[in-house]
Amino acid sequence: KNMGKYYSLCYLHLKLVTFVLNIVLQFEFRINKEQSSFHNRLLQHDLEKNYSGRQDNTNFGSSSSISFPVLQRTAEEKILSSDRLTLERQKLTVCPVIDGEDHLRLLNFQHNFITRIQNISNLQHLVFLDLYDNQIEEISGVSTLRSLRVLLLGKNRIKKISNLENLKNLDVLDLHGNQITKIENIGHLSELRVLNLARNLLTIVENLNGLDSLTELNLRHNQVSAIVRKKTLCLFIFDFFSFFEDILCLADSSSLSDITLDGNPIAQETWYKHTVLHHMMQLRQLDMKRITEEERRMASVAARKEEERKRESHKQTLLKEKKRLTICNIARQWEIQQNRIALVASLNQDKDNEPCQINGSDSYVFPEESRSLNTILSSAVQGLSVLESHLVEVEGDTLCLYGAGALECLDRNWSVQTAGIIVTVSFTFIEFDEIVQVLTKLKTKFPNSVHLKFKETNLVTLQQFNALGQMHRIEQLTVDPQGNPVVSFTLWKYYVLFRLNHFNLQKINGVKVTENDIVMAERLFGILAYVASSELPHYRMLSLFGESRRKQFHYLLEGKGKKSGIGSEESSDNRRNGGESTTRATLSYTTKDFHMEKLEEIKERKTFCQTYVENLVKEAADINMKNESLQKLWPQMFIELVRDAVIEIRNKNSYMKLCLQRITDQKQ
Amino acid sequence: MEDAVSQLLENREDISQYGIARFFTEYFNSVRQGTHILFREFSFVQATPHNRASFLRTFWRCFRTVGKNGDLLTAQEYHCLLQLLCPDFPMELTQKAARIVLMDDAMDCLMSFSDFLFAFQIQFYYSEFLESVAAIYQDLLAGKNPNTVIVPTSSSGQHRQRQSPNDCSPLDGVEASLFYQCLESLCDRSKYSCPPSALVKEMLSSAQRLTFYGFLMALAKDQGINRALGALPDKGDLFLDPAMDQELEKLVARVSGLSVSGPTSSSGDSSNVPVRNSPRINSPWKPLHHRRKMDAESEGSNEETDSSEN
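Summarised in this report is the structure supplied together with it. Just so we're clear, the structure is a prediction, and the values are computed from it rather than from any experiment.

1. Quick look at the overall build of chain A
Part 1 of the reasoning: Helix and strand content of chain A: 17 helices and 21 strands.
Part 2 of the reasoning: Burial status across chain A gives 42% buried among its 668 residues.
Part 3 of the reasoning: For chain A, the proportion of contacts with a sequence separation of at least 24, taken over those separated by at least 6, is 45%.
Part 4 of the reasoning: Of the roughly 37200 Å² of accessible surface on chain A, 53% is carried by carbon and sulfur atoms.

See below:
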């Protein structure tokens, strides 16, 4: 029994072994057969050498053009595989001339060292040509292969796609692993279904117009990051906006079911996958992975969110742009106003669409130009409406006002919350004289505002700072040198400190105020304050102050003469009002317009007073004259009076009669 | 008088409360003291020589400290200071004054307080005179001798008439003596204030030829004329004013005392106590009136009369 088993085992083993051996042998035989036959038929040689040796069963003929080996198969092989010829791993450096095989349909040259495609022009029926893994540097020699459907040129050294003009039936074109930098000359391949351009040096994918049948496009491992939009095929861009548009375009091409883009920089973006999935519902595979319903759904959601976010930031950008343009517009108007350029002259000019410079001497402005500027801008930035001439903005705790029109916002109703936040008020492109008129409103509307900023407000004299005295409170003052010539004066800061000393300013132009500064300010201008208050006649004081002061002063006038009493009373009064000291208050500022009005009044009054005083003088002169005349004439008159009287009463009797007569006459 | 009435009308509500008589007292007191021009419009400030002198004096008193501090300022900045006292003071006058200091050159240059002040005094006080002088100078340069037109008061002028054109370049100026004669006749016939001729003569005697701005500069620097004017102290004493300095020290002490205690104290602080210990501190310097009279006695020359104004 044991023996029986042993034998059967042996037998089995043997069977196995022979079986395996058979297979191996068969293989080997096959390989060897083919190889040996090839080996017998083909001899490797350099192009320079002439070889015309003969082997067994082979017929090597040397062609007239010396360099190429000629290939011939045996009749049996021809029958076995009549339409296919495989010459891979033959260490070929050139394409051999293939004799008598014009009906060949499949030709395989894989894994050789071929540098040029040659000697296959006669194979007019060729459908499948495989030149994978060679050293081909350019596509050539295939122009006659009109039936070619599959062209495999992967892993070569091709730098440029060319000479594919006649291959209109091409179905698969594999150019992976080359050095191609540009996609071109394939637009005519309307039958092409599969295009493999992986592992090349593409930076832009373009010129895929006309590839109407394309279903598979492999762009892996390139530098692809940009896209050109085409009719049926659109590709990807770095920039977000175009990405969307191009995705949408791709969505139209329903033929695309597989896209492979990984290995490209674009595939690293976070939004890559879900944006693609979201917009290309027809995709079945992305980067060689099937797309599940779950993925699709999630992608949709994510893409929508992304869209939202981008839309929001786009809107923000637009708003910022609009704001910037508004401010530019206001600046321009300010410039014109400052330079007083006549609009009349400019209206006669041609209205061209030149952009105007913000340069006072050059710019002419008229309403039309702002509109034309608008059209330029609106085409560049969507959604931009008419540019405003003033701008009011709240940024954090700062209220920014641009342009004179912005001052009206102080009349608006501000919510207590917003108003309470405002700490800084910034004025730009507004005349200081106009700002002065609304300063009192700041107290009521924005009680917490303690910092004033002025830029391009035409502060030219120290006098103007007097107007700030009427504020309720300032802790910080910033006067930008731009548009405020006053800053160029040596003494401006000291004057501000002096005039506004009741505010106890903390900072001027960002620089902390030191005790020395305050002392210096007082030292420089203290006497001015003294003179302005103590040497001014009372009635002048009254006229220079407002209503609220008059009571104080009436009180003061009554108490004139009491020294210490005045001091303490007034200081307590002042503390109640929280106002400025009277010594400074006489230093006031009237805007030009007010001043002009006052001067007009003064002129009128002056003429009146002149005539009035003239009349007075005349009267006085008359009276004086009369007086003098009287003085002159009086002695004479007196003497005559006396003489007449004496003559009259010389005769007592007749005088008595005369008197009686007079009395009776009177009675009658 | 007219102005007093005008002021009365302007402030009638307030004045009616404390009496017209008091108003007039105060008004003329302030005129006497030279404080009536404070914060008044320019047309009033320049109306009479007395007003002008008062203004100059007030400017000196108020901004002496700026000069004392040593800061050099531009014409613009001086103009600002002027505007603090007179809001509508015209820039031209300041510019003209600056031109005198800078000899019509580099108008953006910095000037010292004393230079500016004395030049400004001449320009402001003798504005009309200077205009006439400028015209005379131009005429002399061009060769026309104004003396030929007007009968000169001094007999020596008749011998000096020149028919031939002056062929010297403007840089050389004009001949001093000829120039002086024209000035003399101008002074005699002018109804505006002019510097005393004797002083001018003295000033010109040292020079052979002079330019216009050279002449003005000399005028500005001449202390005799300054004293004759009577508004400003001598150059050497320009920064002296002991009474005001005393007041200033009090003010500064108050301020520095405050700032030591901290800026967060209530705003209506003792710094707001006005310096009204007495209603008026008499200025240490006698009223303009007297001073001029004194000078008149010492100089013995014809002073400008202010009765011709107004």
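2. Thoughts on the overall build of chain B
Part 1 of the reasoning: Along its length, chain B carries 15 helices and two strands.
Part 2 of the reasoning: Looking at chain B alone, contacts between residues at least 24 apart form 68% of all its contacts between residues at least 6 apart.
Part 3 of the reasoning: For chain B, the exposed surface amounts to about 13900 Å²; the carbon and sulfur share of it is 52%.

3. Here we look at helix α9 (residues 127–142) of chain B
One turn of an α-helix holds 3.6 residues; hence residues three or four places apart share an orientation.
All names here are of chain B.
Part 1 of the reasoning: Between its first and last C-alpha atoms α9 spans 23 Å; for 16 residues at 1.5 Å apiece the expected length is 22 Å, and the two agree.
Part 2 of the reasoning: Within the sequence span of α9, burial applies to S127, E128, F129, L130, V133, I136, Y137, L140 and L141.
Part 3 of the reasoning: The first or second residue beyond α9 is G143, which carries a positive phi of 105°.

4. So, the sheet that holds strand β21 (residues 511–512) of chain A
All names here are of chain A.
Part 1 of the reasoning: The strand order across the open sheet built from seven strands is β15-β16-β17-β18-β19-β20-β21, with neighbouring strands paired in mixed fashion. Each edge of the sheet is formed by a strand with only one pairing partner; in this case those strands are β15 (391–395) and β21.
Part 2 of the reasoning: Across five bridges, strand β17 (residues 424–428) lies against strand β18 (residues 451–455) in parallel orientation. When the bridges of β18 are listed, F427 appears paired with F454.
Part 3 of the reasoning: This element, helix α9 (residues 432–445), spans β17 and β18 of the sheet and lies at about 165° to β18.

5. Section: the packing of helix α11 (residues 515–534) of chain A against helix α5 (residues 49–68) of chain B
Part 1 of the reasoning: For the pair α11 of chain A and α5 of chain B, the least separation of the axes is 6 Å and the interaxial angle reads 155°. On the basis of their axis angle, the class for α11 of chain A and α5 of chain B is roughly antiparallel. Residues R523, L524, F525, I527, L528 and V531 of chain A of α11 of chain A form the contact with α5 of chain B, whose own contacting residues are T58, R61, C62, F63, R64, T65 and V66 of chain B.
Part 2 of the reasoning: Residues of the contact of α11 of chain A with α5 of chain B, tallied by class, amount to eight nonpolar, two polar and three charged.

6. Focus on the pattern of salt bridges
Where charged atoms from two side chains of opposite charge approach closely, those side chains can pair.
Part 1 of the reasoning: This model, assessed by the stated rule, comprises 26 salt bridges over all chains.
Part 2 of the reasoning: Measuring nitrogen to oxygen at the nearest pair gives 2.8 Å for the salt bridge that ties D3 of chain B to R40 of chain B. Here D3 of chain B is found in helix α1 (residues 2–10), whereas its partner R40 of chain B is found in the loop between α3 (20–33) and α4 (42–45), with 37 residues between them in sequence.
Part 3 of the reasoning: Relative accessible area serves as the criterion here: at 16%, D3 of chain B is assigned to the buried category.
Part 4 of the reasoning: What emerges from the salt-bridge pattern is a single network uniting D83, R84 and R105 of chain A.

7. Some points on a nonpolar patch on the surface
Residues and elements named next belong to chain A.
Part 1 of the reasoning: Residues L630, L633, W634, M637, F638, L641, V642 and V646 make up a contiguous nonpolar surface patch of roughly 750 Å² in combined accessible area.
Part 2 of the reasoning: Take L641: it is sitting in helix α16 (residues 592–648).
Part 3 of the reasoning: Taking the relative accessible area as the measure of exposure, L641 reaches 53% and is therefore exposed.

8. Here we look at the nonpolar core
Part 1 of the reasoning: Ranked by size, the top nonpolar core spans 146 residues in total, and within it L452 and F465 of chain A together with F63, F179 and F215 of chain B carry the most contacts.
Part 2 of the reasoning: With eleven residues, the single largest contributor to this core is α11 of chain A.
Part 3 of the reasoning: The contact partners of F179 of chain B, leaving out residues within four places of it in the chain, are V133, I136, Y137, L140, V174, L204, L210 and F215 of chain B.
Part 4 of the reasoning: Counting 43 residues, the second-largest nonpolar core is a separate cluster that includes I114, L167, L192 and L197 of chain A.

9. Remarks on the packing of α5 of chain B against helix α6 (residues 75–85) of chain B
All names here are of chain B.
Part 1 of the reasoning: Relative to each other, α5 and α6 sit at 110°, their axes nearing to 11 Å. With respect to each other, α5 and α6 are oriented roughly perpendicular. Crossing angle aside, the handedness with which α5 passes α6 is right-handed. Touching F55, T58, F59, C62 and F63 of α5 are L81, L82, L84 and L85, all from α6.

10. Structural notes on helix α8 (residues 113–125) of chain B
Residues and elements named next belong to chain B.
Part 1 of the reasoning: With 13 residues, α8 extends 17 Å between its outermost C-alpha atoms, agreeing within 8% with the 18 Å of an ideal straight helix rising 1.5 Å per residue.
Part 2 of the reasoning: Taking burial as the measure, the 13 residues of α8 include twelve buried ones, the bulk of the element.
Part 3 of the reasoning: Buried residues of α8: F113, S114, F116, L117, F118, A119, F120, Q121, I122, Q123, F124 and Y125, and no others.

11. Thoughts on the environment of Y125 of chain B
Residue and element names in this part refer to chain B.
Part 1 of the reasoning: In this structure, Y125 sits in helix α8.
Part 2 of the reasoning: When its relative accessible area of 1% is taken as the criterion, Y125 is described as buried.
Part 3 of the reasoning: When the C-alpha positions of Y125 and F55 are compared, they lie 9.7 Å apart, and in sequence the two are 70 residues distant.

12. Details of the packing of aromatic side chains
Part 1 of the reasoning: For the structure shown, the criterion picks out 35 aromatic pairs over all chains.
Part 2 of the reasoning: Consider the rings of W414 of chain A and F446 of chain A, whose centres lie 5.2 Å apart with planes at 65°: the pair is edge-to-face. Of the two residues, W414 of chain A is situated in the loop between β16 (398–402) and α8 (416–421) and F446 of chain A in the loop between α9 and β18; the sequence distance between them amounts to 32 residues.
Part 3 of the reasoning: Residue classification places W414 of chain A among the buried residues on the basis of a relative accessible area of 18%.
Part 4 of the reasoning: Directly above the ring of F124 of chain B sits R52 of chain B, whose terminal nitrogen or CZ lies 5.8 Å from the centroid.

13. Overview of the environment of G224 of chain B
Residues and elements named next belong to chain B.
Part 1 of the reasoning: Position of G224 among the secondary structure elements: in helix α13 (residues 223–229).
Part 2 of the reasoning: Classification of G224 as buried rests on a relative accessible area of 15%.
Part 3 of the reasoning: Linking G224 and V200, residues 24 residues apart in sequence, is a C-alpha distance of 9.3 Å.

14. Some remarks on the pairing of β15 of chain A
Residues and elements named next belong to chain A.
Part 1 of the reasoning: Looking at chain direction, β15 and β16 are connected through five bridges and run antiparallel. Paired with E395 across the two strands is T398, which belongs to β16.
Part 2 of the reasoning: Linking two consecutive strands that pair antiparallel, namely β15 and β16, is a turn of two residues; a positive phi of about 70° is found at G396 within it.

15. Concerning the pairing of β16 of chain A
Residues and elements named next belong to chain A.
Part 1 of the reasoning: Of all five residues in β16, five are buried, a share of seventy percent or more.
Part 2 of the reasoning: Two elements, β16 and β17, share five bridges in a ladder whose sense is parallel. Within β17, the position partnered with T398 by the bridge is T424.
Part 3 of the reasoning: The parallel pair β16 and β17, bridged by α8, forms a crossover whose chirality is right-handed.

16. Considering the environment of S177 of chain B
All names here are of chain B.
Part 1 of the reasoning: By the element assignment, S177 lies in helix α10 (residues 176–189).
Part 2 of the reasoning: Here S177 falls in the partly exposed class, since its relative accessible area comes to 27%.
Part 3 of the reasoning: Sequence spacing of S177 and R209 is 32 residues, and the spatial spacing of their C-alpha atoms is 8.3 Å.

17. Let's talk about a negative patch on the surface
Residues and elements named next belong to chain A.
Part 1 of the reasoning: Residues E434, D593, E597, E600, E601 and E604 make up a contiguous surface patch of negative charge.
Part 2 of the reasoning: In terms of residue count, the dominant contributor to the negative patch is α16 (five residues).
Part 3 of the reasoning: Relative to the helices and strands, E604 resides in helix α16.
Part 4 of the reasoning: The exposure class of E604 is exposed, given its relative accessible area of 56%.

Cut-offs and rules
- Residues numbered from 1 in each chain as written.
- Chains lettered and ligands numbered in written order.
- Predicted model: local features only at pLDDT ≥ 70, side-chain atom pairs only at ≥ 80, totals over all residues.
- Heavy atoms only, no water.
- Helix = DSSP H or I, 4+ residues; strand = E, 2+ residues; numbered from the N terminus.
- Buried < 20%, exposed > 50% of the residue type's maximum accessible area, 1.4 Å probe, protein only.
- Contact = heavy atoms within 4.5 Å.
- Areas by Shrake-Rupley, 256 points an atom, 1.4 Å probe, with all protein chains shown as cover.
- Expected span 1.5 Å × (residues − 1).
- Pairing = 2+ DSSP bridges.
- Axes fitted to C-alpha atoms, helices over the stretch in contact; angles between N-to-C directions.
- Parallel < 35°, antiparallel > 145°, perpendicular 65-115°, else oblique.
- Nonpolar A, V, L, I, M, F, W, Y, C, P; charged D, E, K, R; others polar.
- Salt bridge = Lys/Arg side-chain N within 4 Å of Asp/Glu carboxyl O.
- Patch = residues over 30% accessible without salt bridge, like charges linked within 9 Å, V, L, I, M, F, W, Y side chains within 5 Å.
- Core = buried A, V, L, I, M, F, W, Y, C linked by side-chain atoms within 4.5 Å.
- Left-handed = near helix turned anticlockwise from the far one by under 90°.
- Phe/Tyr/Trp six-rings, centres within 6.5 Å; stacked < 30°, edge-to-face > 60°.
- Lys NZ or Arg CZ within 6 Å of the ring centre and 35° of its normal.
- Right-handed = clockwise from strand over helix to strand, strands pointing away.
- Lys, Arg positive; Asp, Glu negative; His and termini not counted.
- Charge placed at Lys NZ, Arg CZ, Asp CG, Glu CD.

Bear in mind that shape data such as this cannot, by itself, settle questions of function.
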